[in-house]
Amino acid sequence: MALLLTLYSAAHFSAPLCMHDMRSETARNQGNGRIDPGQLFLRIPSTDRLREHLRYYTSGTHVAGINRTQAEHTRDYLAAQGVDAKIVEYYPWLNYPVNQRVALFNESTQAVEFEAGLQEDVIAGDSASEDPNNLPAFLGLSASGNVTGQLVYANYGTLDDFRALKAAGVSIKDKVVLVRYGGILRGLKVQGAERGGARGVLIYSDPADDGYCKGKVYPHGPWRPESSLQRGSVALIQVYPGDPLTPGYAATKDAQRLDPKDAKSLNGIPSLPLSYRDAEPLLRALVGHGKIASEISESWVGGLTARGVEYWTGPSTLAVNILNHVDFKTTPIQNVIGRIAGSEEPERAIIVGNHRDAWCAGASDPSSGSAVLLELARAFGELMKLGWRPRRTIIFASWDAEEYGLVGSTEWVEDNIDWIRADVIAYVNVDAAVMGS
């Protein structure tokens, strides 16, 4: 409701319509035969239609750049509502997983003590967990590499955490660093480790932050189960978002591109995500080595203590190998842009946007927002059938490649920056519109 009212205010509806239509009976003003478009607009959205849209968007893999069908579906649906819609393509530098491995082994004997599964369990009744196209453990825009080193635990991998390790006499140079999700962006964790001389980074979800310490885990509750791993991007979006090779200008097909080694938004060491099930044997390999984590700070102790794990810094005596073989390539991505022209100020616009890509099914983020975007377009389309037009132009934007680092939206903004600076009034983001509990 709040989103609808926001759009109502921003678009500034034209005067009530003099139309005689049975669908508008509940929106008539005090029996005077005139329709209040705002009241009618709020009555149009359908939960059944939202459910249909959500089911469609979550029914298949839609990682950036590899599901043009969903872009075409989105464009065609907008067009069917009377919205002028088109696909706008860009060509960013993206990566995709080829082969990944995390192994704990004895360097002297080469005996493998533990090999991470790097896959999530199939959950009964959850068809998305059975999809053979689900990505393995993978981090967008992570460097490709095959590295080995002793393991060091660095809590959340913040600058303060790395300083605390140094103060405790623990070096991360030439080590593999294990950090928890949380506190800062994952790309900053990798950057901090790289600056300290680390060879690679593993990022896991600790149950103290997202797991059984918080409550019941999925499918019995909302918290992360033991095999679940958090995919994401390690791009340094604080340096610049969007395509790593075209900073400040759009990644069109023929755009001039940086050499990847000169891209300042890319980290230079490999990194992978882990589940807390896969992280547990690694943490156990640290016990008795370095400093016990609680001596640095109690905040360094995670939730695997419930399984008898002690948190230590290391370095371990055993070595950890990270193999992260990824395929980098210039990849076409598809933004969908829809437009309803304003009747009085057509040059001025309100943008309603959401990304469409996801690392997996993406039921909440972003597909709940994609469902909302389509239903908003239908609501406006129903008003247009009655002769209504907004005072200002409304843009519907379905972005691709957001998960890699706000890529689709950034490229479109760079492509339209002068107009956006001059005439765009507001941007309404509907990403993760609905989340269960």
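Residues numbered from 1 in each chain as written. Predicted model: local features only at pLDDT ≥ 70, side-chain atom pairs only at ≥ 80, totals over all residues. Heavy atoms only, no water.

**Q** Can you walk me through empty space enclosed by the protein in this structure?
**A** Any empty space left between the atoms is revealed when a probe the size of a water molecule rolls over them. Applying the stated criterion across every chain yields a total of one cavity of 30 Å³ or more. Looking at the largest cavity, its volume works out to about 50 Å³. In terms of lining residues, the largest cavity is bounded by His62, Val63, Ala64, Gly65, Ile66, Asn67, Gln70, Gln334, Arg356, Asp357 and Asp400. Per-class residue counts for the lining of the largest cavity are three nonpolar, five polar and three charged. (1 Å grid on protein atoms, 1.4 Å probe; cavity = no way out; pocket = protein on both sides within 12 Å on 5 of 7 lines; lining within 4 Å. Points joined across faces, edges and corners; volume = space filled by probe spheres on them. Nonpolar A, V, L, I, M, F, W, Y, C, P; charged D, E, K, R; others polar.)

**Q** It is not clear to me how helix H4 (residues 68-80) should be interpreted in this structure. Could you clarify?
**A** Since one α-helical turn is 3.6 residues long, residues separated by three or four positions face the same way. Helix length check: H4, at 13 residues, gives a terminal C-alpha distance of 18 Å against a target of 18 Å (1.5 Å per residue), a fit within 8%. Of all the residues in H4, the buried ones are Gln70, Ala71, Thr74, Tyr77 and Leu78. Seen from one end, H4 has its buried residues packed into an arc of 130 degrees, which puts them on one side. Seen from the open side of H4, the exposed residues pointing more than 90 degrees away from its buried face are Thr69 and Ala80. The inward-facing, buried residues of H4 abut helix H3 (47-57), strand E1 (84-90), strand E11 (333-340), helix H10 (363-385) and strand E13 (392-399). Positive phi appears at glycine 82, one or two residues downstream of H4, with a value of about 90 degrees. (Helix = DSSP H or I, 4+ residues; strand = E, 2+ residues; numbered from the N terminus. Expected span 1.5 Å × (residues − 1). Buried < 20%, exposed > 50% of the residue type's maximum accessible area, 1.4 Å probe, protein only. Arc of directions from axis to C-beta. Contact = heavy atoms within 4.5 Å.)

**Q** For this particular structure, what's the right way to read the layout of surface pockets?
**A** By volume, the second largest pocket is sized at about 280 Å³. Considering the residues around the second largest pocket, the lining is formed by 19 residues, among which Leu185, Arg186, Ser233, Ile237 and Glu403 are closest to the centre. At three residues, helix H6 (residues 186-195) tops the list of elements feeding residues into the lining of the second largest pocket. Considered class by class, the residues forming the lining of the second largest pocket number seven nonpolar, six polar and six charged.

**Q** Quick question: what am I supposed to make of the packing of H4 against H10 here?
**A** A pair of packed helices can be characterised by two numbers: the angle between their axes and the separation between those axes. Contact geometry for H4 and H10: axes closest at 9 Å, N-to-C directions at 20 degrees. On the basis of the axis angle, H4 is roughly parallel to H10. Judged by the twist between their axes, the crossing of H4 over H10 is right-handed. In this structure, H4 contributes His73, Thr74, Tyr77 and Leu78 to the contact, and H10 contributes Leu374, Glu375, Ala377 and Arg378. Its residues assigned to classes, the contact of H4 with H10 shows four nonpolar, two polar and two charged. (Axes fitted to C-alpha atoms, helices over the stretch in contact; angles between N-to-C directions. Parallel < 35°, antiparallel > 145°, perpendicular 65-115°, else oblique. Left-handed = near helix turned anticlockwise from the far one by under 90°.)

**Q** Help me understand the confidence of the model for the chain in this model?
**A** Close inspection of predicted coordinates is inappropriate for parts of the model with low pLDDT. When the pLDDT values of the chain are averaged, the result is 91; 91% of them are 70 or greater. Here residues 12-31 is a poorly scored stretch, pLDDT under 50, and it has 52 contacts once near neighbours within four places are set aside; other chains count. (pLDDT = per-residue confidence, 0-100.)

**Q** Which parts of the structure should I look at to understand the pairing of strand E10 (residues 319-330)?
**A** Taken residue by residue, a regular strand's side chains alternate between the two faces of the sheet. Bridge count between strand E2 (residues 93-105) and E10: twelve bridges; the pairing is antiparallel. Opposite leucine 104, over in E10, you have valine 320 as the bridge partner. With six bridges connecting them, strand E5 (residues 145-153) and E10 associate as antiparallel partners. Bridge pairing in E10 links threonine 148 to asparagine 321. (Pairing = 2+ DSSP bridges.)

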